[in-house]
Amino acid sequence: MIVAMTGVRELRLVVTADDYDEALRFYRDVLGLEQRAAFTSDGGRVTILEAGRATLEITDPPHAAFIDEVEVGRRVAGHVRVAFEVGDSAVTTRALEAAGAEVIAEPTRTPWNSLNARLAAPAGLQLTLFQELGE
């Protein structure tokens, strides 16, 4: 028997960054994620950044390959890819590129009617920036 647990209030993606300062600068100062809290431990630091509404998207390998094909033209993502909805994917892509991200694919209109770009970003994350285009 499967028992559904209720009460999840937040999805928190925890990323260990070799260059903590660069990752914090990129995601907080350039991408614009608002800082909620910061803590230190013996020689260590963590910052919690607000990233808007969170969802968990689970896909199987064939559909992940389809998404990569649409957005990039070939299979490039690993096991985890982080997607951020932004107001203007082209402008945000340029800003993140100027801040050190590598553009893997320029903004591309998808069959699901969004404008998606793909970037390799600090802390070893691959990002999709998506802009919903509406009906």
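Up top is the structure.
Everything numeric in this text was worked out from a predicted model, so none of it was measured.

A. Representation of the overall build of the chain within the structure. When you go through the chain residue by residue, the secondary structure sums to three helices and six strands. Listing the helices and strands of the chain from first to last along the sequence gives α-β-β-α-β-α-β-β-β. In terms of its C-alpha atoms, the chain occupies a principal-axis envelope of roughly 50 × 45 × 25 Å. Per-residue burial for the chain yields a buried fraction of 33% across its 135 residues. Sequence-distant contacts in the chain: of pairs separated by 6 or more residues, those separated by 24 or more amount to 49%. Summed over all atoms, the accessible surface of the chain reaches about 9100 Å², with 53% contributed by carbon and sulfur. Across the chain, the mean location of the 13 positive side-chain charges is 2 Å away from that of the 21 negative side-chain charges.

B. Main features of the environment of Thr128. As for its placement among the helices and strands, Thr128 is situated in strand 6 (residues 125-132). Expressed as a C-alpha distance, the spacing of Thr128 and Phe84, which sit 44 residues apart in the sequence, is 6.3 Å. Ignoring sequence-local partners within four residues, the contact set of Thr128 consists of Glu71, Arg81, Val82, Ala83, Phe84, Asn116, Ala117 and Arg118. In terms of polar contacts, Thr128 uses its side chain to reach the side chain of Arg81, at 2.8 Å. A distance of 3.1 Å separates a polar atom in the side chain of Thr128 from a polar atom in the side chain of Arg118.

C. Expanded view of the nonpolar core. Counting 18 residues, the largest nonpolar core has Phe26, Tyr27, Phe84, Leu96, Leu119, Leu127 and Leu129 as its most contacted members. Listing elements by their share of this core, those giving two or more residues are helix 1 (20-30), strand 3 (82-85), strand 5 (114-121) and strand 6. Sequence-distant contacts of Phe84, defined by excluding residues within four places in its chain, comprise Leu31, Leu33, Ala51, Leu127, Thr128, Leu129 and Phe130.

Conventions used here
- Residues numbered from 1 in each chain as written.
- Predicted model: local features only at pLDDT ≥ 70, side-chain atom pairs only at ≥ 80, totals over all residues.
- Heavy atoms only, no water.
- Helix = DSSP H or I, 4+ residues; strand = E, 2+ residues; numbered from the N terminus.
- Buried < 20%, exposed > 50% of the residue type's maximum accessible area, 1.4 Å probe, protein only.
- Contact = heavy atoms within 4.5 Å.
- Areas by Shrake-Rupley, 256 points an atom, 1.4 Å probe, with all protein chains shown as cover.
- Lys, Arg positive; Asp, Glu negative; His and termini not counted.
- Charge placed at Lys NZ, Arg CZ, Asp CG, Glu CD.
- Polar contact = N/O pair within 3.5 Å; in protein donor to acceptor, adjacent residues only side chain to side chain.
- Core = buried A, V, L, I, M, F, W, Y, C linked by side-chain atoms within 4.5 Å.

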